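Each chain is listed here by its residues.
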Amino acid sequence: QVQLVESGGGDVQPGGSLRLACTSSGNIFRFALMGWYRQVPGNQRELVATIDWRNITKYADSVQGRFTVSRDNAKNTMYLQMDSLKTEDTAVYYCNLRFSTTMDYWGTGTRITVST
């Protein structure tokens, strides 16, 4: 069983920055597709960014150019650097690890609030 723990959430003003981290237990992290998703109450969970085992990244159009996803396989950790934050980035952010259709895990989420 894989456990994912997110950290780094909090409150920030528009234009500010935050860095999220997601640390995984187990030994499949380096082989997995990792992703950040976010969810606003009443809305579906949406993709923010993914990074695969070759460090190939993908971003939602809404965060392209402002967010950067990275990973450190030696630390079993994925990061999300979020710059130029906007009020519409307010959400609960979830970490996802996908190794196969049956090995697909989620963290418990970390809240980001962007407001004045």
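Heads up: the structure comes first, above all this text.
Residues numbered from 1 in each chain as written. Predicted model: local features only at pLDDT ≥ 70, side-chain atom pairs only at ≥ 80, totals over all residues. Heavy atoms only, no water.

1. So, the overall build of the protein chain
(1) Moving on: Looking only at helices and strands, the protein chain has zero helices and eleven strands in total.
(2) Moving on: In sequence order, the secondary structure elements of the protein chain are arranged as β-β-β-β-β-β-β-β-β-β-β.
(3) Moving on: Expected size for 116 residues packed as a compact globule is a radius of gyration near 13 Å; at 13 Å, the protein chain falls within 12% of this value.
(4) Moving on: Along the longest, intermediate and shortest principal axes, the C-alpha atoms of the protein chain span 40 × 25 × 20 Å.
(5) Moving on: Here the protein chain holds 116 residues, and the buried ones make up 43% of them.
(6) Moving on: Sequence-distant contacts in the protein chain: of pairs separated by 6 or more residues, those separated by 24 or more amount to 52%.
(7) Moving on: As displayed, the protein chain has an accessible area near 6,300 Å², and 46% of this comes from carbon and sulfur atoms. (Helix = DSSP H or I, 4+ residues; strand = E, 2+ residues; numbered from the N terminus. Rg over C-alpha atoms; globule rule 2.2 N^0.38 Å. Buried < 20%, exposed > 50% of the residue type's maximum accessible area, 1.4 Å probe, protein only. Contact = heavy atoms within 4.5 Å. Areas by Shrake-Rupley, 256 points an atom, 1.4 Å probe, with all protein chains shown as cover.)

2. Structural notes on the sheet that holds strand 8 (residues 77-82)
As a general point, the strands of a sheet are linked pairwise by backbone hydrogen bonds and lie either parallel or antiparallel.
(1) Moving on: With antiparallel pairing, the four strands of this open sheet are ordered in space as 1-3-8-7. On the outer flanks of this sheet lie strand 1 (4-7) and strand 7 (67-72), each paired with one strand and no other. Strand-to-strand twist in this sheet, taken as the mean axis angle between neighbours without regard to direction, amounts to 15°.
(2) Moving on: Where strand 1 and strand 3 (residues 18-24) come together, four bridges link them in antiparallel fashion. When the sheet's bridge partners are listed, S7 is paired in strand 3 with A21. (Pairing = 2+ DSSP bridges. Axes fitted to C-alpha atoms, helices over the stretch in contact; angles between N-to-C directions.)

So, to be careful, I would describe these as geometric facts and stop short of saying anything about function.
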